[in-house]
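Reading the structure
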Amino acid sequence: MTTKPNNLLTTKPSPLTTMVVFLILCILGFYAFHFPHTPPHSNNTSTFQNLFLSSSSNSTISSYLRTLTMHPHLAGTKPNSDTANFVLNHFISLNLKTHTTSYNVLLSYPLHSSLSMHFNDGSSSNLGLTEPGSSGSDMVHAYHAYSPSGSVYAKAVFVNYGRDRDYRAVGVSIKGCIVIVRKGGGLGRNTVVEKAEENGAVAVLVYNDENDTWRNGFERGHVMKGVGDPLSPGWGSVEGSEKLSLDDNEVLKRFPKIPSMPLSAHVADAVLSSLGVTPLPLEWRTTLRAKGINHVGPGPTMLNFTYLGEKKMATIQNVFAVIKGSEEPDRHVLLGNHRDAWTYGAVDPSSGTAALLDIARRYSILLHSGWKPRRTIVLCSWDAEEFGMIGSTEWVEQNLINLGSKAVAYLNVDCAVQGPGFFVGSTPQLDSLILEITKKVKDPDSKGVSVYASWAAANGGNNIQRLGRVDSDFAPFVQHAGVPSIDIYYGKDFPVYHTAFDSYNWMAEYADPFFQRHVAVTGIWGLLALRLADDSILPFNYLSYANELRLYRDKLSNMLDHKMSLHPLTTSIQEFACAAKEVDDELKELKLVETSGQFVDMKRRAMNDRLMLAEKGFLDGDGLKGKQWFKHLVSFVYLLICTLENSLPV
């Protein structure tokens, strides 16, 4: 932890800073004299916010989702290109200024896979690796992107979640074996494969047993370490840019060395029920015996597993719509959602894409009613998120300097609706704004109350998560660029994740039959952007940030059992809290100023810049040791605490 953020919020300039400010004032005074003064922002913001909310339409969002999910649309394929054109044409039809950016990146696709069991009596059984209804369609077969090809004949061993303590508990050597792992335990897919490799396994098969109704689903996903195009780490993969070779060590270390693939719970049952030799560890028996698992192996069943895949260059495309700000066009509020899907993607990500399309429609209504946002709003449709946030990461890397000086905030929605219950993650300075906005939006599941009220009742308080995860497109904005960010969604989890069952029919039957949760997410998402784009002073509150830092300090102190002094960290947080309090007092005074003019406008502008840029003070220019791309120190501390608490976010 460093004290850099304090410098951004402090109100005690050095003599050199005073001189620079004086020169800037002289220059601005010259321009004020020679050029007309821009009139103060005159929009009736509350009127436009009410118009935005009243323009909601669940049937319209439903129609968007139906169109988006007519075909599977995997990144790098023609159906996904067609989906990009659909989003682009929608923006164009609303008379929004649009553009696209393309990148040539390394993606991964399956060519062949097979799995069979071989028994002591010489018999064998081929295991089906396709989902019901997926054969004959243009849906990609179940696979793990970036898995190496391989063919393995070996005994199987069940290792529960594949955590370090699971390998210790299993009590047998898994060297030379194929491990069977069930999803969960707080480990990401690539970490599961990495730990299996470290323990001597020759292949990994992963299944999801969290829902009995959808046991035939295969959960696709990638197993690459890190985010972004592996051939252009740290810079945008634009045409003509430098690329690393596939055999470069920096590239090779991003990929696992042993093959893996997903299994359905139904196929996994067949393998697990055939295992013998070693009984289940005692601590696993309560939950696993009820699922019919009694032994962990190794064997005696032998598995013959083959996976053949290819890594190849493919073109991906991000799509943008821009609503230019009338007074601060160089300050950008970004709303983003990824567009590519492993299958039909009704939940992931098309529920979010449908919401983005509806926000564009509603903003168009506001524009026709005379609304002009103070700051520029950018609607972003990302590509290739499922392969490791590639589309958003390449764009952030390409535009890093501009983001550093122009980005007010990034508002992310991925799986907009997975089921009941409101969830939100944020960098802490946006907490207060989130609470305000959720009070204005109707709860989709309880008549007569707000999202805020239902959210508080369900969680024993309005619990705002933190964005330490690296599982959606907010990651490059927070972890690499230090942009204040929010991530919004309904429903904590859903059983058809990354399977062929993630369809419009599943959404309409189970997750959101009346599409009112879609309306709620769209309302919150759009209102957040309106406030950030239209408020004359940015609605940031760094007192929340100071409180969050104190919480981290206290947790670290308890975990270390007070054996290590955290005095430097405590001092840094105290200085930050004092600076945040000073800024909060300044904000209260500035909000009372009703007059306008060059001096007041400049004072507001200076305050907004301090509020906007403070998040970047938490970045370490050199990045984390061994993970230089990740630069956000507070996120690192958050993840460290989660790891020590054994509750690392999935």
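Residue indices follow the written sequence of each chain, beginning from 1 at its first position. Thresholds applied to this predicted model are a pLDDT of at least 70 for local features of residues and 80 or more for the giving and counting of side-chain atom pairs; totals over whole chains, interfaces and linings are not thresholded and use all residues. Only hydrogens and water are removed before side-chain values are computed, so all heavy atoms of the structure are retained for them.

Inclusion rule: UniProt positions are given in the numbering used here, feature names are shortened, and annotations may be inferred rather than shown by experiment.
Per an unreviewed UniProt entry, the protein chain carries the name glutamate carboxypeptidase II and comes from Medicago truncatula. Note on the protein chain: under the UniProt heading Catalytic activity (unreviewed entry), the record states "Release of an unsubstituted, C-terminal glutamyl residue, typically from Ac-Asp-Glu or folylpoly-gamma-glutamates."

**Considering the packing of helix α14 (residues 431-438) against helix α18 (residues 516-534)**
As a reminder, the rule being used: To obtain each axis, a line is fitted to C-alpha atoms, and for helices this fit is confined to the stretch in contact; angles are then taken between N-to-C directions over 0 to 180 degrees. The helix and strand labels rest on DSSP assignments: H or I over at least four residues marks a helix, E over at least two residues marks a strand, and numbering proceeds from the N terminus. Throughout, the term roughly parallel applies to angles under 35 degrees, roughly antiparallel to angles over 145, roughly perpendicular to angles from 65 to 115, and oblique to all others. Take the far helix as your reference; a near helix turned counterclockwise from it by less than a right angle gives a left-handed crossing, and one turned clockwise gives a right-handed crossing. Any pair of residues with heavy atoms lying within 4.5 Å of one another is described as a contacting pair.
Running from N to C, α14 and α18 point in directions that differ by 125 degrees, and their axes come no closer than 10 Å. The pairing of α14 with α18 is recorded here as oblique in orientation. The way α14 lies across α18 gives a crossing that is right-handed. Facing α14, whose interface residues are L433, I434, E436, I437 and T438, α18 presents I524, L527, L528, R531 and L532.

**What to know about the environment of V451**
Relative to the helices and strands, V451 resides in helix α15 (residues 451-459). Each residue touching V451, except ones within four places of it in the same chain, is listed here: F422, T438, V441, K442, D443, P444, Y490, A520 and I524.

**Topic: the domain arrangement of the protein chain**
Quick reminder of the rule: Each domain's limits were defined by an automated method or a database of domain assignments.
Split into domains, the protein chain comes out as domain 1 (108-311) and domain 2 (542-618). Averaged C-alpha coordinates put domain 1 and domain 2 at centres separated by 45 Å.

**Considering the packing of aromatic side chains**
Convention followed: Note on aromatic contacts: the rings of Phe and Tyr and the six-membered ring of Trp form a pair at centre separations within 6.5 Å, being stacked when their planes are under 30 degrees apart, edge-to-face when over 60 apart, and tilted otherwise. Only protein chains enter the accessibility calculation, which uses a 1.4 Å probe; a residue whose area is less than 20% of its type maximum is buried, one above 50% is exposed, and one in between is partly exposed.
Enumeration over the complete set of coordinates arrives at 31 aromatic pairs. Ring centres 3.9 Å apart and planes at 5 degrees place the aromatic pair Y410 and F477 in the stacked group. Residue Y410 is found in strand β14 (residues 407-417), and its partner F477 is found in helix α16 (residues 474-480); the two are separated by 67 residues along the sequence. Neither residue differs from the other here; Y410 and F477 are each classed as buried. Between F423 and Y489, the aromatic rings sit 5.6 Å apart at their centres with planes inclined by 10 degrees, giving stacked as the arrangement. A residue pair is termed long-range when its members are at least 10 positions apart, and F423 in strand β15 (residues 422-426) and Y489 in strand β16 (residues 485-490) qualify at 66 residues. Look at F423 and you get buried, because its relative accessible area is 16%. With a relative accessible area of 12%, Y489 lands in the buried category. Through pairs of rings, three or more aromatic residues link up here, namely Y109, Y143, Y146, F255, W342 and F387.

**Points about α15**
Put simply, the rule is: For this quantity, the arc is that covered by the directions from the helix axis to the C-beta atoms.
For α15, the set of buried residues is V451, S454 and W455. For α15, the angular spread of the buried residues around the axis is 100 degrees, confining them to a single face. Looking at the packing, one finds that the buried side of α15 touches β15, α14, β16 and α18. With its phi angle positive at about 70 degrees, G460 sits one or two positions after the end of α15.

**Digging into the pattern of salt bridges**
Here is the rule: For this analysis, a salt bridge means a side-chain nitrogen from Lys or Arg found within 4 Å of a carboxyl oxygen belonging to Asp or Glu.
For the structure shown, the criterion picks out 36 salt bridges. We note a salt bridge from R339 to D383, for which the minimum N-O separation is 3.3 Å. Taken together, the positions of R339 in the loop between β12 (328-338) and α11 (346-368) and D383 in the loop between β13 (375-382) and α12 (390-398) put the pair 44 residues apart, joining distant regions of the chain. Where E586 meets R610, a salt bridge forms, and the shortest distance between an N and an O atom there is 3.4 Å. With E586 in helix α20 (residues 567-591) and R610 in helix α21 (residues 598-613), this residue pair connects regions lying 24 residues apart in the sequence.

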